[in-house]
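Here is what each chain is made of, one letter per residue.
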Amino acid sequence: MQVKINGKQEDVNVKNVLELLKARNVEPEMVSVELNSQILDKKDYAATSIKDGDTIEFLYFMGGGVAKEAV
C-alpha cells in the first residue's frame, strides 16, 4: 500500500503503526507518531491500523542548545 511518511510517498507492507516502526528500526519509546494530523498515544501503536493513502509523521524530540562560555 502507498502511504506518505515524513513527506515522502512510500510502499509499505505492514498492518499497524508498531509494525511500521519495527520495520524501520525505530524504537517506539523514542518517537511520537502523527497519523493523518492526529498525534497517537504510544499505547495505541499496535492497535492503530495503517491504510492506503495515510499520512504519517515521525516526530523526534531532541534536547540541547547553545552553551554559554564562562566569563
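Just above sits the structure.
Residues numbered from 1 in each chain as written. Predicted model: local features only at pLDDT ≥ 70, side-chain atom pairs only at ≥ 80, totals over all residues. Heavy atoms only, no water.

K.L.:
Requested: an account of the overall build of the chain, with residues and values cited.
P.N.:
Counting its regular elements, the chain contains 1 helix and 5 strands. Ordering the α and β elements of the chain from the N terminus gives β-β-α-β-β-β. Residue pairs at least 24 apart in sequence account for 53% of intrachain contacts in the chain once pairs closer than 6 positions are excluded. Carbon together with sulfur atoms contributes 51% to the accessible area of the chain, which is approximately 5300 Å² in total. (Helix = DSSP H or I, 4+ residues; strand = E, 2+ residues; numbered from the N terminus. Contact = heavy atoms within 4.5 Å. Areas by Shrake-Rupley, 256 points an atom, 1.4 Å probe, with all protein chains shown as cover.)

K.L.:
Hey, could you go over the pairing of strand 2 (residues 8–11) for me, with residue numbers and the actual values?
P.N.:
Bridge analysis of strand 1 (residues 2–5) against strand 2 gives 4 bridges, and the strand direction is antiparallel. Residue pairing in the sheet places K4 in a bridge with Q9 of strand 2. The antiparallel hairpin formed by strand 1 and strand 2 contains 2 residues in its connecting segment, where N6 sits at a positive phi of about 50°. (Pairing = 2+ DSSP bridges.)

K.L.:
Describe the sheet that holds strand 3 (residues 32–35), naming the residues involved and giving the relevant values.
P.N.:
Read from one edge of the open sheet, 5 strands run 2-1-5-3-4, paired in mixed fashion. The outermost strands of the open sheet, each flanked by one partner alone, are strand 2 and strand 4 (38–39).

K.L.:
With reference to specific residues and values, describe the side chain of E10.
P.N.:
By the element assignment, E10 lies in strand 2. On the basis of relative accessible area, E10 is assigned to the buried category, the value being 18%. Among the polar contacts listed, one links the side chain of E10 to the side chain of R24, at a separation of 2.9 Å. When neighbours within four sequence positions are excluded, E10 is seen to be in contact with M1, Q2, V3, I5 and R24. (Buried < 20%, exposed > 50% of the residue type's maximum accessible area, 1.4 Å probe, protein only. Polar contact = N/O pair within 3.5 Å; in protein donor to acceptor, adjacent residues only side chain to side chain.)

K.L.:
Account for unusual backbone geometry, with residues named and values stated.
P.N.:
The phi torsion at N6 lies on the positive side, around 50°, for a residue other than glycine. With respect to the element layout, N6 can be found in the loop between strand 1 and strand 2. In this structure, N36 is a non-glycine residue whose phi angle is positive, near 50°. Structurally, N36 can be placed in the loop between strand 3 and strand 4.

K.L.:
Please give an account of the pairing of strand 3 that cites residues and values.
P.N.:
Bridge count between strand 3 and strand 5 (residues 55–59): 4 bridges; the pairing is antiparallel. For E34, the partnering residue across the bridge sits in strand 5 and is E57. Looking at chain direction, strand 3 and strand 4 are connected through 2 bridges and run antiparallel. Paired with L35 across the bridge in strand 4 is Q38. Where strand 3 hands over to strand 4, the hairpin turn is made up of 2 residues, of which N36 adopts a positive phi near 50°.

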